[in-house]
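Residue-level listing of the chains:
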Amino acid sequence: MRIGQLSERTGTSRRLLRYYEEQQLIVSTRAANGYREYDERLADRVLQIRGLLDAGLPTRIIKQILPCLDKPRTIHFPDATPEMIATLTEERDRMTERIDCLVRNRDAMDEYLAVVTGGGPAATG
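Here we look at helix 4 (residues 59-69)
Then, number 1: Along helix 4, the residues classified as buried are Thr-59, Ile-61, Ile-62, Ile-65, Leu-66 and Cys-68. The arc enclosing the buried residues of helix 4, seen along the axis, measures out at 160°, which places them on a common side.
Then, number 2: In this fold, the buried residues of helix 4 make contact with helix 2 (14-22), helix 3 (42-54) and helix 5 (82-116).

Right under this line is the structure:
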């Protein structure tokens, strides 16, 4: 698929896709006319990259862990540096805090909606 199609599928700007390619997070080939061509599977990869960036991981760490995302149960980092381990631990903990906050906010909204719609106290999950 071409860059415009990948952009549409993932909601990611063409400029950002070029940046991901520049950072070697995704790879394209060139068609005879010089246009970038992307493998269909890259749509999921771009969404993974966006999620990791949204979680606060820097592109240099994302680049190191991307090969492992296809098979997360078989992640092996023989060359994992203490810095990388510390960064991943920090980011994991930060994600957990964000998740906890989101759950609290969702539960509060559920309760509010239940009260204002006459449904009484809401059951939270």
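Observations regarding the nonpolar core
Then, number 1: Counting residues in hydrophobic clusters, the biggest one holds 19 residues, and the most contacted among them are Leu-6, Leu-17, Tyr-20, Ile-26, Tyr-38, Ile-49 and Ile-62.
Then, number 2: Ranked by the residues each element gives to this core, the list is headed by helix 3, at 5 residues.
Then, number 3: Not counting the four nearest positions on each side in its chain, Leu-6 is found in contact with Met-1, Leu-17, Tyr-38, Leu-42, Ala-43 and Val-46.

Quick word on the pattern of salt bridges
Then, number 1: In total, this model carries 7 salt bridges according to the counting rule given.
Then, number 2: Put simply, Glu-40 and Arg-9 hold a salt bridge, and the shortest N to O gap is 2.6 Å. Separated by 31 residues along the polypeptide, Glu-40 in the loop between strand 2 (36-37) and helix 3 and Arg-9 in helix 1 (residues 3-10) bring together distant segments of the chain.
Then, number 3: For Glu-40, a relative accessible area of 45% translates into the label partly exposed.
Then, number 4: The salt bridge involving Asp-39 is made with Arg-41; its shortest N-O contact spans 3.0 Å.

Some points on unusual backbone geometry
Then, number 1: In this structure, Gln-24 takes a positive phi of about 65° despite not being glycine.
Then, number 2: In this structure, Gln-24 sits in the loop between helix 2 and strand 1 (29-30).

Let's talk about helix 2
Then, number 1: Those residues of helix 2 not exposed but buried are Leu-17, Tyr-20 and Glu-21. Axial view of helix 2: buried residues confined to an arc of 100°, hence all on one face. Among the exposed residues of helix 2, those oriented more than 90 degrees off its buried face are Arg-15 and Glu-22.
Then, number 2: As for helix 2, its buried residues are in contact with helix 1, strand 2 and helix 3.
Then, number 3: In the segment just after helix 2, Gln-24 is the residue with positive phi, at about 65°.

Things to note about the packing of aromatic side chains
Then, number 1: For the coordinates displayed, the defined rule picks out 1 aromatic pair.
Then, number 2: Measuring from centroid to centroid gives 6.5 Å for Tyr-19 and Tyr-20, while their planes differ by 55°, and the two rings are tilted.

Thresholds applied
Residues numbered from 1 in each chain as written. Predicted model: local features only at pLDDT ≥ 70, side-chain atom pairs only at ≥ 80, totals over all residues. Heavy atoms only, no water. Buried < 20%, exposed > 50% of the residue type's maximum accessible area, 1.4 Å probe, protein only. Helix = DSSP H or I, 4+ residues; strand = E, 2+ residues; numbered from the N terminus. Arc of directions from axis to C-beta. Contact = heavy atoms within 4.5 Å. Core = buried A, V, L, I, M, F, W, Y, C linked by side-chain atoms within 4.5 Å. Salt bridge = Lys/Arg side-chain N within 4 Å of Asp/Glu carboxyl O. Phe/Tyr/Trp six-rings, centres within 6.5 Å; stacked < 30°, edge-to-face > 60°.

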